[in-house]
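Below are the chains, spelled out letter by letter.
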Amino acid sequence: MNILLELFVVTFRVLWAFVLAAAKWLVRPKEKSVAGQVCLITGAGSGLGRLFALEFARRRARLVLWDINTQSNEETAGMVRHIYREVAQAAATSRAGEGEKDALPRCDLQVYTYTCDVGKRENVYSTAERVRKEVGEVSVLVNNAGVVSGHHLLECPDELIERTMMVNCHAHFWTTKAFLPKMLEMNHGHIVTVASSLGLFSTAGVEDYCASKFGAVGFHESLSHELKAAEKDGIKTTLVCPYLVDTGMFRGCRIRKEIEPFLPPLKPEYCVKQAMRAILTDQPMICTPRLMYMVTFMKSILPFEAVVCMYRFLGADKCMYPFIAQRKQATNNNEAKNGI
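Scope of this entry: the structure provided in the associated data block. (Residues numbered from 1 in each chain as written. Predicted model: local features only at pLDDT ≥ 70, side-chain atom pairs only at ≥ 80, totals over all residues. Heavy atoms only, no water.)

Quick word on the packing of aromatic side chains
Counted by the stated rule, this structure contains four aromatic pairs. Between Phe173 and Phe219, the aromatic rings sit 4.4 Å apart at their centres with planes inclined by 45°, giving tilted as the arrangement. Of this pair, Phe173 sits in helix α5 (residues 158–186) while Phe219 is found in helix α6 (residues 207–229), placing the two residues 46 residues apart along the sequence. Here Phe173 falls in the partly exposed class, since its relative accessible area comes to 36%. Taken together, Tyr209, Phe250 and Phe323 form an aromatic cluster joined through their ring pairs. (Phe/Tyr/Trp six-rings, centres within 6.5 Å; stacked < 30°, edge-to-face > 60°. Helix = DSSP H or I, 4+ residues; strand = E, 2+ residues; numbered from the N terminus. Buried < 20%, exposed > 50% of the residue type's maximum accessible area, 1.4 Å probe, protein only.)

Structure (structure tokens):
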């Protein structure tokens, strides 16, 4: 009898979850504040990582920027400091015009940069220890760093496959292990996994990249369930799965030309703004564009041969081949230039 009662309660909760999800489509949830909180972003030197840094800076978070490229990381820090100055001026104007009571609260706006190769476990742990000593405990962790080899499986050196897995997947384990204990102690924090639509469904020619992103998605989902099982509801998680983003990472990737106008590469700014909205409203997952939800659903219910037919119609089955060809051409040109 008890199991029947529990089944009824579970059914009600499932239906209620649908109602709440529909309500969020109609009424935009209020965004939470991250002012004064320490936000760490990996791969902050360029692309989405840089844009995430600028968005968090506008919301007055204290930023910790990690990247393997010291120069580009410092360039991002310079942009962040410029935003901080603008925010400080706006806050001063607010205090002068509205009085201290209604003004924006004061925050210690600083940005810290660290050169870190997230593909190396010990480098992650040692840099994380420096962050704890020099900055403090991290409240928001954005696992964004990513690489792509750009080779067919049988042409891809083992070292590049290992590198892709280390940076795109294994690094998430190490950064999370470094900063999650304090989040658990405080029952407060937010872990963001920047994955890819290729972590939900795959395509030909980028086996290592797809495997690494599938791994990142699996890690994130399992971690989310573990936090729920431990009843640590103060720690939020957000999985970000964008379609092809126009950052140059997959330059040359092409789907069927008749379909391209309806599914063009995403502008990085749009992708990050959508992700920020999801993060600040504690949304568990965000796919951009929304069509990706439908593609994922269809891939889950259709027979494999039906999925193949759909891929071929869209030109998605070999969409990475032009990208791989360009990477190969660039590699050959560099080897010829260097006399290799």
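Some details on unusual backbone geometry
With an omega of -10°, the peptide bond running from Thr288 to Pro289 counts as cis. For Pro289, the location among the structural elements is in the loop between β7 (285–288) and α8 (291–301). With phi around 50°, Asn187 is a residue other than glycine that occupies positive phi space. Within the secondary structure, Asn187 is located in the loop between α5 and β5 (189–194). By relative accessible area, which is 31% here, Asn187 ends up partly exposed. With a phi angle near 55°, Asp282 is a residue other than glycine that sits in the positive phi range. As for its position among the elements, Asp282 is in the loop between α7 (268–280) and β7.

Focus: the nonpolar core
Ranked by internal contacts, the top residues of the largest apolar core, which has 34 residues, are Cys39, Ile41, Phe52, Phe56, Leu63, Val80 and Val142. The set of elements that each furnish at least two residues to this core consists of β1 (38–42), α2 (47–58), β2 (62–67), α3 (70–98), β4 (140–143), β5 and α7. Not counting residues up to four positions away in its chain, the partners in contact with Phe56 are Val34, Cys39, Ile41, Ala61, Leu63, Val140, Val142, Met276 and Ile279. With 29 residues, the next largest nonpolar core counts Phe201, Val206, Val217 and Val307 among its residues. (Core = buried A, V, L, I, M, F, W, Y, C linked by side-chain atoms within 4.5 Å. Contact = heavy atoms within 4.5 Å.)

Brief notes about α2
Look at α2: 17 Å from first C-alpha to last across twelve residues, which is about the 16 Å you get at 1.5 Å a residue. Counting buried residues in α2 gives ten out of twelve residues, a clear majority hidden from the surface. Every buried residue of α2 is accounted for by Leu48, Gly49, Arg50, Leu51, Phe52, Ala53, Leu54, Glu55, Phe56 and Ala57. Positive phi shows up at Arg60, right after α2, with a value of about 65°. (Expected span 1.5 Å × (residues − 1).)

Side note on the environment of Val295
Tracing the chain through its elements places Val295 in helix α8. For Val295 and Glu129, which are 166 residues apart along the polypeptide, the C-alpha to C-alpha distance reads 41 Å.

Here's the deal with helix α9 (residues 304–314)
Within the span of α9, buried status applies to Val307, Val308, Met310 and Tyr311. Projection of α9 onto a plane perpendicular to its axis shows the buried side chains occupying an angular sector of 165°, all on one side. Across from the buried face of α9, at angles greater than 90 degrees, the exposed residues are Glu305, Cys309 and Arg312. In the core, the buried residues of α9 are packed alongside α8. (Arc of directions from axis to C-beta.)

A word on the environment of Ile279
Following the sequence through the fold, Ile279 ends up in helix α7. Given a relative accessible area of 1%, Ile279 falls into the buried group. As for Ile279 and Ala216, which are separated by 63 residues in sequence, their C-alpha atoms are 17 Å apart. Residue contacts for Ile279: discarding those within four places in its chain leaves Lys32, Phe52, Phe56, His190, Val192 and Thr238.

Considering the sheet that holds β1
The strand order β3-β2-β1-β4-β5-β6-β7 describes an open sheet built from seven strands, whose pairing is parallel. The open sheet terminates on both sides in strands that have one partner only, identified here as β3 (111–115) and β7. Between one strand axis and the next, the sheet turns through 15° on average, direction left out of account. Across six bridges, β5 lies against strand β6 (residues 235–242) in parallel orientation. Residue pairing for β6: His190 is matched across the bridge by Lys236. Here helix α4 (residues 121–134) sits on the sheet in contact with β1, β2 and β3, set at roughly 160° to β3. Sheet strands in contact with α5 are β1, β2, β4, β5 and β6, and its direction is about 170° off that of β4. (Pairing = 2+ DSSP bridges. Axes fitted to C-alpha atoms, helices over the stretch in contact; angles between N-to-C directions.)

Re the side chain of Ser149
Summarising the element assignment, Ser149 is placed in the loop between β4 and α5. Within the structure, Ser149 has its side chain in polar contact with the side chain of Asp208 (distance 2.6 Å). The residues contacting Ser149, other than those within four sequence positions of it, are Cys156, Leu160, Thr164, Asp208 and Arg327. (Polar contact = N/O pair within 3.5 Å; in protein donor to acceptor, adjacent residues only side chain to side chain.)

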